[in-house]
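Okay, here's what each chain looks like letter by letter:
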Amino acid sequence: MSLFLSFKLYKVIMRKSYKAALWIICLAFMFAACDDSKPAKNGETANAGNEAEMQNEQQKDADDEKSDSPMQASVITDIIKSIPSPLEVSFLIKESGTSYLKNELNDHKKVDNYTNSYSKALNLGVYSTDLGYANIYEKNQDALLYLNSVKKLADGLNIGQFFDYHTIKKLTQSGNDMDTLLRLTTTNFEDINNELQNQGREHLSILILAGGWIEATHLIGLVYEENKDEKLREKLGEQKIVLERIMLVLDYYKNKSNIEDFINDLKELQSVYKRIKIIEERGDPIIEITDDGPVVTDTRKSTVEINDQDVAEIKSLLSSIRSKIVD
Amino acid sequence: MKRFLIFVCALFAFAVAADSAQAQCNAELYNNMALKKLAPGYTFVKSYRIDGKDGKRKKIEYTCVFSKDTSYMLRMAGKDGGPTGLVATLFDTRRSQLFTSHVNGKFFDGWTYKCTSTGIYYLSFTFEGSKSYCGAAVLGFRR
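Every value quoted in this text rests on a predicted model; they were computed, and no experiment measured them. Every chain is numbered on its own, with residues counted from 1 as its sequence reads. By the order in which they are written, chains take letters starting at A while ligands take numbers starting at 1. For this predicted model, a pLDDT threshold of at least 70 governs which residues receive local features, and a threshold of 80 or more governs which side-chain atom pairs are given and counted, while totals over whole chains, interfaces and linings are taken from all residues. To obtain the side-chain values, all non-hydrogen atoms of the structure were used and water was disregarded.

## Thoughts on the overall build of chain B
Item 1. Here a helix means four or more residues in a row that DSSP labels H or I, a strand means two or more in a row labelled E, and each is numbered from the N terminus. Across its full length, chain B carries 2 helices and 10 strands.
Item 2. The helix and strand sequence of chain B, counted from the amino end, reads α-α-β-β-β-β-β-β-β-β-β-β.
Item 3. When burial is assessed residue by residue, chain B has 54% of its 143 residues classed as buried.
Item 4. Sequence-distant contacts, at least 24 apart, represent 78% of the contacts inside chain B between residues at least 6 apart.
Item 5. Using the Shrake-Rupley algorithm and a 1.4 Å probe, accessible areas are obtained, with residue cover drawn only from the displayed protein chains. Roughly 6,400 Å² of accessible area belongs to chain B as shown, and the carbon and sulfur atoms make up 55% of that amount. Each residue gets one of three labels from its accessible area relative to the maximum for its type: buried under 20%, exposed over 50%, partly exposed in between, using a 1.4 Å probe on protein chains only. Here, residues are in contact when the closest pair of their heavy atoms is within 4.5 Å.

This is the structure in structure tokens:
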């Protein structure tokens, strides 16, 4: 359309027909203003060298995105946003009194082994969980190594510019402002997810979250084996809810490279989780109005029915899925 | 005729620019304000945009997975000043309302929820007499 208008414009200007030219300018302007088909913001701050690569990947992703599922983008974004932060699990693990499990985390040196978008995204999630875990245990040196791996993978996915590496590094080195460090890290990961969604690369968002979830759930299983803390056992069972949500989104992207195999692995895990029951006893919330707003204590209670065999199977399957991701 | 056409074009350009400026809600700004209201001891986990698109959207809803034995604190800030005009309401899995931040006509910054039942919850943001329909909220947790 714009080519046609330009040609027409050229012709009429040549004929010195002012009025017609102005009409065409107005029309062109209106067409441009009404054009909703242009893609969403495309990583404006990405460096030029990576732009072509990113566009190629986006084209490939766009070609991949032929799904019959009618799920809307806003629904996918909502599900992705609902997935809890692995930090909640890491805090629970520390609270259980277990020592820092350095040898169970992913080796930071493996970062160069991850060469395609699929493995980069999954391992970005794995390393981000390890980074949070190391931070909570105040293992600054390890946290710095994981930070470098996270940065490298984020750069590899052309989203490194949303990661405030230098500030996080300084906070990690000083080790005296954990709140700000966790806040900044979480904000950066939110920015990365938002940007991937703006770029139409939500499948990478869900892979990052899935990688982070697998690492955190794997850690729960390992720590439970060590201390048999009932809270960790329940937490392992409660992951049924999170897995269901991850599967909903992954299923939408099943036509993308590697995702179908990943889904099949997780389906096996889901079949064990189907045996687990989360039972809720009803009750009304107790609301106290304070100067800071309502403080609400729930009286409902949920319990998780999960036996030793379920725990063993979940642990074993998680370990095998994780190995496929990190090794 | 020429002057008329230039006028029409200028008017159109102005209308497009004005519409775009009006529709903008800088949620990041209010996000930072809300973050400052999060009490010490709470670890920030999520932020939420509250963009009512100048009143075109009456409700903005997010799904959350909350865990038992965990306290969640929500804090909001908006363009109308503090939490004015913004209402955050939590619903349980069955979509029964649990509580809201707008109590007896007063707008609170947010709420604190001591969760005892792991499951899916719905966090809904609505507007009461808002002029801007714009803000943000943050969620923190404490075990």
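## What about the sheet that holds strand S3 (residues 70–78) of chain B?
Item 1. Taking strand neighbours across the sheet as the criterion, the 6 strands line up as S2(A)-S3(A)-S8(B)-S3(B)-S10(B)-S1(B) in an open arrangement whose pairing is mixed. Among the strands making up the open sheet, the edge pair consists of strand S2 (286–290) of chain A together with strand S1 (43–51) of chain B. Going across the sheet, the axis of each strand differs from the next one's by a mean of 15°, ignoring polarity.
Item 2. Note: S3(B) against strand S8 (residues 110–115) of chain B, 6 bridges, orientation antiparallel. Any two strands are treated as partners once DSSP identifies two or more bridges connecting them. Every axis in this analysis is a line fitted to C-alpha atoms, fitted for helices over the stretch in contact. Angles between the N-to-C directions lie between 0 and 180 degrees.

## Quick look at the confidence of the model for chain A
Residue and element names in this part refer to chain A.
Item 1. Per residue, pLDDT captures the predictor's confidence, and it can take any value from 0 to 100. Residue-level pLDDT values for chain A average 83, and 78% of them are 70 or greater.
Item 2. Ranking the elements of chain A by mean pLDDT puts helix H1 (residues 2–14) last with 45 and helix H13 (residues 308–326) first with 97.
Item 3. A low-confidence stretch, residues 1–14 stays under pLDDT 50, and its non-local contacts, those more than four residues away or across chains, total 13 contacts.
Item 4. Contacts of residues 60–69 to residues separated by more than four positions or lying in other chains number 13 contacts, the stretch itself having pLDDT below 50.

## Quick notes on the interface of chain A and chain B
Item 1. Between chain A and chain B, the contact holds 52 residues from the first and 50 residues from the second.
Item 2. A simple way to read buried area is as the amount of 1.4 Å-probe accessible surface that goes missing from two parts once joined, with both sides added. For the pairing of chain A and chain B, the buried interface totals around 4,500 Å² over both sides, and the portion due to carbon and sulfur atoms is 60%.
Item 3. Note on definitions: salt bridges are taken to be side-chain nitrogens of Lys or Arg within 4 Å of carboxyl oxygens of Asp or Glu. Counting across the chain A and chain B interface gives 5 salt bridges.
Item 4. Between B:Lys68 and A:Glu234 there is a salt bridge, with its nearest N and O atoms 3.0 Å apart.
Item 5. Nitrogen and oxygen atoms within 3.5 Å of one another constitute a polar contact, given that in protein one can donate a hydrogen and the other can accept it, and given that sequence-neighbouring residues count only through two side-chain atoms. Put simply, chain A and chain B have 25 residue pairs in polar contact (both at pLDDT 80 or more) between them.
Item 6. With 8 residues, helix H2 (residues 18–34) of chain A is the largest single contributor of residues to the side of chain A that touches chain B.
Item 7. Grouping the amino acids of the side of chain A that touches chain B by side-chain chemistry returns 22 nonpolar, 10 polar and 20 charged.
Item 8. Judged from the 3 bridges that link them, strand S3 (residues 293–297) of chain A and S8(B) form a sheet pairing that is parallel. Considered in S8(B), the bridge of A:Thr297 is made with B:Lys114. Nonpolar residues are Ala, Val, Leu, Ile, Met, Phe, Trp, Tyr, Cys and Pro. Charged residues are Asp, Glu, Lys and Arg, and all others, Gly as well, are polar.

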